[in-house]
Structures are given as structure tokens and as C-alpha cells.
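Topology and contacts: notes
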Amino acid sequence: MAKEKLSVVKIGGNVIEDKDALESFLKHFSELEGKKILVHGGGKRATHIASKLGIESNMVNGRRVTDAETLDVITMVYGGLVNKNIVAQLQGLATDAIGLTGADINSIASKKRPVKEIDYGFVGDVKKVNHKSIDKLIQADFVPVFCAITHDGNGQLFNTNADTVASELAIGLSNLYKVELVYCFEKNGVLMEVDDDNSVIDYMDSGTYEILKHKGVFHDGMLPKLENCYHAIEAGVSRVFIGNPTIISNKDQKFTTLFL
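Residues numbered from 1 in each chain as written. Predicted model: local features only at pLDDT ≥ 70, side-chain atom pairs only at ≥ 80, totals over all residues. Heavy atoms only, no water.

**Quick word on the packing of helix α3 (residues 43-52) against helix α4 (residues 68-92)**
Packing of α3 against α4 brings their axes to within 9 Å, and their N-to-C directions diverge by 125°. Classified by the angle their axes make, α3 and α4 are oblique. When the axes of α3 and α4 are compared, the crossing they make is right-handed. Residues Gly43, Arg45, Ala46, Ile49 and Ala50 of α3 form the contact with α4, whose participating residues are Val73, Ile74, Val77, Tyr78, Leu81 and Val82. Classifying every residue of the contact of α3 with α4 gives 9 nonpolar, 1 polar and 1 charged. (Axes fitted to C-alpha atoms, helices over the stretch in contact; angles between N-to-C directions. Helix = DSSP H or I, 4+ residues; strand = E, 2+ residues; numbered from the N terminus. Parallel < 35°, antiparallel > 145°, perpendicular 65-115°, else oblique. Left-handed = near helix turned anticlockwise from the far one by under 90°. Contact = heavy atoms within 4.5 Å. Nonpolar A, V, L, I, M, F, W, Y, C, P; charged D, E, K, R; others polar.)

Below, the structure is given as C-alpha cells:
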């Protein structure tokens, strides 16, 4: 028996920061047919509010070092401010959304990232997605909206990369569904030339990805996103798309499709 389709959509931080772009995206997301999950971060908003509170943000290699104070801010901003505003807007679009962290219904368990050269603090690497619990919500016709917070099962929350949360959710739910993973951000897709929005790579298999990676085509922010994408594909996710927020409703434009 063929599996039902599930869309896991991750929305990037620059879109979250742009009121009009976010409204437009959420309208498209609300119109997306079938079962679906939304994943978001909110790093820029967290940095802004931390600064207002006199808490300095420490970034290393594009990743946030999360001390106890920063974790408090992230929990408030990701799990509260950003998540609940998105949920409220989706309710206004007749989409029965429910906002979640990875701690809710024990949905995403993590372990603290091991200290190597850098101690990232309260940052979690995903261990397990509780796909059966999440599916209960999906089967009840709720639309889960996950922020980028996970937990260790012993009361500790962790800041977790939103791209990783999306890929791990897609992998976990691929046990039950034919999952399509969609990364929406401000660019039109994976670009050959970072400054040329029209240089979209339409299709990319794993071999081409490795060649272009070694040639240094991908900028620092795109590399971890692509690593998450191929991790998902290798683990059973059917297709991965990367493009601007309108690709969930308009497949006639340029975007990138990834496959093995």
C-alpha cells in the first residue's frame, strides 16, 4: 500500500524577520494540500532581543554558542514570540496549527553536542524523533509547528539547528509517510554564483554535490544545509527542494531539487 504524502517545510530566518514575506509564505503554506509540518528558527530575532537585554551573542563558524542566559532568550523567542505568532497567523488562515518544542510530547530527543575545539554550550544534536506521538497530532488533523528547541529527557532544553530539526523530522516521519522536505529561504535555490540569484542549480545528485563542494562553490551557510539535505535523502526522505518561499505553491519557477 502506497504511503500518504507528508510535507515538512522549513522557513528561514530572513523571511521570519520580514512581516510581508512571512504573511505571504504562511498564506501559501496554509494552501498546501495534504499532511504537513512547519519548522522555524528565529536566530536574528533572538540576537536582537538578547542585545536589548544586554546579553551578547557569541557566534563561532556561523553557529551560536548557547550559555544559560542565551538559552533563556532562545526559549522565550523561539518557543514563545516567534512560534505563537506563526501559530496565530495560521489559525487566521483556517489552518489548525499547534506550536511545539522538541520537549512537547517528547517529540525530539537530543544530547548535548560533544566538546571538541569549541564548547557550544546548551546545543543539542538530535538522537531520536518520536514519530508515533507526532503522528497522533497529524492524524487528528493538527498542523505541528516546531521551533528549533529540543530536550534531553531529563529536564534540559537545547538550542538545535532548525535545518537539522527539519531533516530529522522528515527522516523520522518517513517511517510512516512519503516525505518531501522543503527548505524555504530568501534565495531562489542553491546557486552556482552566490551573488547571482539567477544561477540556480536546477537538479543536483550526490556526486555533483561532492564535486561542487570540493570546488568551493557553496558558501559557508549553504554547506550545513546541504549536509542536512543529503543526510535526509540517504535516510529515506523521498525528495528535497530548496528555494524561495513561493515554491510550495508554484513549481513553475526556478528552485533546486536534490536526489541521490
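**Details of the nonpolar core**
Counting 40 residues, the largest nonpolar core has Ile37, Met204 and Phe218 as its most contacted members. Residue contacts for Ile37: discarding those within four places in its chain leaves Leu6, Ser7, Val8, Val9, Phe29, Ile134, Ile138, Pro144, Phe146, Leu169 and Leu173. Core analysis: the next-biggest nonpolar cluster, separate from the first, contains 34 residues, Ile11, Leu32, Ile74 and Ile248 among them. (Core = buried A, V, L, I, M, F, W, Y, C linked by side-chain atoms within 4.5 Å. Buried < 20%, exposed > 50% of the residue type's maximum accessible area, 1.4 Å probe, protein only.)

**Brief notes about helix α2 (residues 19-31)**
Look at α2: 19 Å from first C-alpha to last across 13 residues, which is about the 18 Å you get at 1.5 Å a residue. On its buried side, α2 packs onto β1 (5-11), α1 (13-17), β2 (35-40), α4, β8 (143-146) and β11 (178-184). (Expected span 1.5 Å × (residues − 1).)

**Here's the deal with the pairing of β8**
Of the two faces of β8, the one holding Val143 and Val145 and the one holding Pro144 and Phe146 are both buried throughout. As judged from the 2 bridges shared by β2 and β8, these two strands associate in the parallel manner. In the strand pairing of β8, Leu38 is matched with Val145. Bridge count for strand β5 (residues 97-100) against β8 is 4 bridges, and the pairing is parallel. Each residue of the ladder has a partner; that of Ala97, found in β8, is Val143. (Pairing = 2+ DSSP bridges.)

**A few points about the packing of aromatic side chains**
Applying the stated criterion to the full structure yields 4 aromatic pairs. With centroids separated by 5.7 Å and ring planes inclined at 75°, the aromatic side chains of Phe241 and Phe255 adopt a geometry described as edge-to-face. Taken together, the residues span a long stretch of sequence, with Phe241 in strand β13 (residues 239-243) and Phe255 in the loop between β13 and β14 (256-258) at a distance of 14 residues. Residues Phe241 and Phe255 agree in their burial class; the two are buried. The structure contains a cluster of three or more aromatic residues connected by ring pairs, namely Tyr209, Phe218 and Tyr230. The cationic tip of Arg113 hangs over the ring face of Tyr120; the distance from NZ or CZ to the ring centre is 5.4 Å. (Phe/Tyr/Trp six-rings, centres within 6.5 Å; stacked < 30°, edge-to-face > 60°. Lys NZ or Arg CZ within 6 Å of the ring centre and 35° of its normal.)

**Some thoughts on the side chain of Lys225**
Of note, Lys225 is situated in helix α8 (residues 222-234). We classify Lys225 as buried; its relative accessible area is 7%. Within polar-contact distance, the side chain of Lys225 engages the side chain of Asp163 at 3.1 Å. Sequence-distant contacts of Lys225, that is, excluding residues within four places in its chain, are made with Lys10, Asp163, Tyr183, Phe185 and Ile242. (Polar contact = N/O pair within 3.5 Å; in protein donor to acceptor, adjacent residues only side chain to side chain.)

**So, the environment of Tyr203**
Positionally, Tyr203 belongs in strand β12 (residues 203-204). Owing to a relative accessible area of 59%, Tyr203 belongs among the exposed residues under this scheme. Measuring from C-alpha to C-alpha, the distance between Tyr203 and Gly92 comes to 36 Å, with 111 residues separating the pair along the chain. Excluding its chain neighbours within four sequence positions, the residues that come into contact with Tyr203 are Thr257 and Phe259.

**Things to note about empty space enclosed by the protein**
Using a probe with the size of a water molecule, rolled over the atoms, empty space left in the structure can be pinpointed. Throughout the structure, instances matching the rule amount to 1 cavity of 30 Å³ or more. Computed from the structure, the largest cavity encloses a volume of approximately 90 Å³. In terms of lining, the largest cavity is formed by Phe185, Lys187, Gly189, Val190, Leu191, Val194, Val217, Phe218, His219 and Met222. (1 Å grid on protein atoms, 1.4 Å probe; cavity = no way out; pocket = protein on both sides within 12 Å on 5 of 7 lines; lining within 4 Å. Points joined across faces, edges and corners; volume = space filled by probe spheres on them.)

**Some words on the sheet that holds β5**
Spatial ordering of the open sheet is given by β5-β8-β2-β1-β11-β13-β14-β12, a layout of 8 strands whose pairing is mixed. Among the strands making up the open sheet, the edge pair consists of β5 and β12. Looking at chain direction, β1 and β11 are connected through 7 bridges and run parallel. The residue of β11 that forms the bridge with Ile11 is Cys184.

**A closer look at the layout of surface pockets**
Roughly 1,200 Å³ of internal volume is contained in the largest pocket. Lining the largest pocket are 36 residues, and of these Lys10, Gly62, Asn161, Asp163 and Gly221 lie nearest its centre. When residues of the lining of the largest pocket are traced back to their parent elements, those giving at least two are α1, α3, β4 (63-65), α6 (162-173) and α8. Ranked by residue count, the leading element in the lining of the largest pocket is α8, at 6 residues.

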